[in-house]
Structure formats: C-alpha cells, structure tokens
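# Reading the structure
Here's the letter readout for the chains.
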Amino acid sequence: MSADAKRATSSAVEKRIPAGNLYAPVEDIARFASALIANDGRLVKPETLAEMWRPQLTVDAAGFGLGFLIGKFREHRTVSHSGAVYGHSTWLVVLPDAKLAIIVLANEDIVNARVHRISNAALSLMLDAKNGERPPAPPAPFQPDDLAAFAGDYESQSHWARLEVRDGKLVGNLAGQHTKFTPLGPLQFAADSRIEDAAPVAFERGTFSIGSQKYTRVPARPAPLPQEWRAFLGSYGPDFIPLIISERHGHFYAMTENMVDYRLTPVNRNVCALPAGMYVDEQVVFLTDREGRAQAINFASMILLRQ
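These lines cover the structure that appears in this document, whether it is placed above or below. (Residues numbered from 1 in each chain as written. Predicted model: local features only at pLDDT ≥ 70, side-chain atom pairs only at ≥ 80, totals over all residues. Heavy atoms only, no water.)

### Regarding the nonpolar core
- Grouped together as the largest cluster of nonpolar side chains are 25 residues, with contacts concentrated most on Tyr236, Ile245, Phe252, Leu264, Phe286, Ile297 and Phe299.
- Elements that contribute at least two residues to this core include exactly β15 (243–248), β16 (251–255), β20 (283–288) and β21 (294–299).
- Among residues more than four places away in sequence, those in contact with phenylalanine 299 are Leu243, Thr256, Leu274, Tyr279, Gln283, Val284 and Leu304. (Core = buried A, V, L, I, M, F, W, Y, C linked by side-chain atoms within 4.5 Å. Buried < 20%, exposed > 50% of the residue type's maximum accessible area, 1.4 Å probe, protein only. Helix = DSSP H or I, 4+ residues; strand = E, 2+ residues; numbered from the N terminus. Contact = heavy atoms within 4.5 Å.)

Okay, structure coming up:
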C-alpha cells in the first residue's frame, strides 16, 4: 500500500465513531410491538419476556428490565424504550395488559421529552376510545407572588442553570437546554424542555431539585478556573458532533452528543472525571504536546482532535 493510501485509510478510520443503533420503519416496529403484546412464544418464550419485563437489581416495580424500561401510565403497566441519535428521536411504549402500543418517530436531535408528550397524548386518546377512560383533570393554575425570588445562577453536581423571569414567566437555561417552569404550588413547578417532560421541580431556600440533581445558588464571586486549564477550552472532534469544553463559575464543563453541559472534576493535570449521569465513571483525558498545549481528547477510548 502506498504512503498516500495509508494516510487516506488512517484518516477514514479516525473519522469513524462507533454506535449501537438499529433503524427500522414504523411498520416493522409496529409488528414488533404486536409480537410483544401477543406474547405467544414466536418471538421469545413467555417466561423469557416476563424476566425482560421485570426491573433488575431493584425491588421497585419500576426501573430497567432487560432491554426495556418498566413503568406506569396512570394505572397501566408500561414497557418502553426510547432512542436518540443525530437527526432522530424515537419512543416505543407498550401497555401489555391493555393491549395498546404507541410509536413516535421524530426527525430532530434528542427531543425525547417532546416525543414522550406526543406518546402520552396518543395513549390518552386510545384509552378513551377503547375503554372510555377519561384523562384526569389538570391541576388548577397557580401564580406565585414573586417569581423573581427564584431567578439566578445555580449549579448541581452535574450541571449549571440560569433562571430568569421573562414576560411574567419563569424560564431557564439548564446546561444548554431552554426550559419552561410552570408553577404548581408555592414552591412547586413543572419543568419542560427538549429532554424534560413536566419534570417535578421543588424549590427550597437557595436551592431547587429536579430528579437526582440538586441545584444550589452560585456565590456572587466564584473562584476562577486556574489559568493552566484555560488552555484546554475549545472544541474537539467532528463538526457535526463536537465535544466542547467550556468554563462556568470557575468549573470545567463538557458538552457532548449535542445535549447538555456536564460538570468535570479534575483528577490530575490532564484528566477530568465526568459526573453522575449518562457518563458515570467516564473520564476526559487531554492529550498535550511537549509545551502542554491540548492537541486532542481521549473520551471513552475515542481520540477527538482539537478543532
């Protein structure tokens, strides 16, 4: 092989990024859902499917089974799986006992909350049409006395947030995701964004919580990011899905997969640990030249060159 051919082959290999995606038209997914509902042994044995639909490593009735997320829609057991990859977001949810299934396919990056809302609306309509099951009444509207009391900059163990009042409504940016907050009570809100669907939000003095993330107000003058680490700020990897290293409130953040900023914890001069969440126990390793300038990042064994 010539030197030019070797370089071309090496360049092509460097641009390949592994993935674990299956693509199928909605008709095939519907056939798959029908086979799950039938549970007649033609797909897998009924006892195998029962184990796949049992939450693993927990005593809770909801959680991850084997390949499926087990939960509830109202009082109905749900078996579901979502998908998100560049240019697509999907949701498959099956109600085995009611013998209903919903499939939502969207051609937009990581909008799982939106497809989840569409799925819930469709399930509500189908349960009404099939069983006469009416949806519960929405909660009465609530208006806090002073929304400005909730505004400000916050950080959690994994993300940053900035909340503000705009046109009489509380809105925010949660680690890069525009979020709307709907008041439900004196200190209770529901958060809606591309990735949150009516997520419960609870405020306390100087803090608020969404799921496992507890956000605390940022000090007025946080300590700055050390100067030697500022040289690592920037974009790495391919243009269509870069890993972007930024700084907020004196901390490193990494945005990957076009989703949200994840707070990094320095381990040593060239290594940072990612927080709890999607990348728990993963690290960002800055690969530097002899002068200490970052040339690339090793992220989950993928070498992402600096742009």
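### Remarks on the sheet that holds strand β3 (residues 76–85)
- Taken together, the five strands give an open sheet; going across it, the order is β1-β2-β3-β4-β5, and neighbouring strands pair in antiparallel fashion. On the outer flanks of this sheet lie β1 (63–64) and β5 (100–106), each paired with one strand and no other.
- Most of the contacts of helix α2 (residues 26–38) go to β5, to which it runs at about 155°, and overall it touches β4 (88–95) and β5.
- Each of β2 (69–73), β3, β4 and β5 touches helix α4 (residues 112–131); the most contacted strand, β5, lies at about 150° to it. (Pairing = 2+ DSSP bridges. Axes fitted to C-alpha atoms, helices over the stretch in contact; angles between N-to-C directions.)

### A few points about the packing of aromatic side chains
- Taken as a whole, this structure holds 12 aromatic pairs when the rule is applied.
- Seen in terms of ring centroids, tryptophan 229 and phenylalanine 252 are 6.0 Å apart; in terms of plane orientation they differ by 40°. Their pairing is tilted. In this pair, tryptophan 229 sits in helix α5 (residues 227–230) while phenylalanine 252 sits in strand β16, placing the two residues 23 residues apart along the sequence.
- You can call tryptophan 229 buried: its relative accessible area is 16%.
- On the basis of relative accessibility, which here comes to 2%, the residue phenylalanine 252 falls in the buried class.
- When the ring centre of tryptophan 160 is taken as origin, the NZ or CZ atom of arginine 248, which lies over that ring, is 3.5 Å away. (Phe/Tyr/Trp six-rings, centres within 6.5 Å; stacked < 30°, edge-to-face > 60°. Lys NZ or Arg CZ within 6 Å of the ring centre and 35° of its normal.)

### What about unusual backbone geometry?
- Positive phi is not limited to glycine here, since lysine 99 has a value of about 55°.
- Considering the arrangement of structural elements, one finds lysine 99 in the loop between β4 and β5.
- One non-glycine residue, aspartate 167, lies in the positive phi region at around 55°.
- You can see aspartate 167 is positioned in the loop between β7 (160–166) and β8 (169–174).
- In this structure aspartate 167 comes out as exposed when scored by relative accessible area, which is 76%.

### A short note on the pattern of salt bridges
- Going through the model one piece at a time under the given rule, you end up with 14 salt bridges.
- Among the salt bridges present, the one from arginine 74 reaches glutamate 133, with a minimum N-O distance of 3.2 Å. One end of the pair, arginine 74, is in the loop between β2 and β3; the other, glutamate 133, is in the loop between α4 and β6 (152–155), and 59 residues separate them in sequence.
- Accessibility expressed as a relative area gives 25% for arginine 74, which makes it partly exposed.
- Here the residues in one salt-bridge network are Arg117, Asp192 and Asp197, joined through shared partners. (Salt bridge = Lys/Arg side-chain N within 4 Å of Asp/Glu carboxyl O.)

### Re the side chain of aspartate 261
- As for its placement among the helices and strands, aspartate 261 is situated in strand β17 (residues 261–263).
- One buried charged residue, aspartate 261, remains without a salt bridge, the closest side chain of opposite sign being arginine 248 at 5.1 Å.
- Side chain to side chain, aspartate 261 and tryptophan 160 meet in a polar contact 2.8 Å long. (Lys, Arg positive; Asp, Glu negative; His and termini not counted. Polar contact = N/O pair within 3.5 Å; in protein donor to acceptor, adjacent residues only side chain to side chain.)

### Some points on a nonpolar patch on the surface
- A cluster of nonpolar side chains, contributed by Leu287, Ile303 and Leu305, occupies part of the molecular surface with about 250 Å² of accessible area.
- Structurally, isoleucine 303 can be placed in strand β22 (residues 302–305).
- Taking relative accessible area as the criterion, isoleucine 303 reaches 44% and is therefore assigned partly exposed. (Patch = residues over 30% accessible without salt bridge, like charges linked within 9 Å, V, L, I, M, F, W, Y side chains within 5 Å. Areas by Shrake-Rupley, 256 points an atom, 1.4 Å probe, with all protein chains shown as cover.)

### Some remarks on the sheet that holds strand β14 (residues 234–236)
- Sheet architecture is open: four strands sit in the order β14-β15-β16-β17, paired in antiparallel fashion. Strands with a single pairing partner mark the edges of an open sheet, and in this sheet they are β14 and β17. Recorded for the sheet is a direction-independent mean angle of 30° between the axes of neighbouring strands.

### So, α2
- The terminal C-alpha atoms of α2 lie 18 Å apart, and with 13 residues this matches the ideal 18 Å at 1.5 Å per residue to within 8%.
- Taken together, the buried positions of α2 are Ile29, Ala33, Leu36 and Ile37. Looking straight down α2, one finds its buried side chains confined to an arc of 95°; they lie on one side.
- Turning to α2, the residues buried within the fold contact α3 (46–52), β4 and β5.
- Count one or two residues on from α2 and you reach asparagine 39, which has phi positive near 45°. (Expected span 1.5 Å × (residues − 1). Arc of directions from axis to C-beta.)

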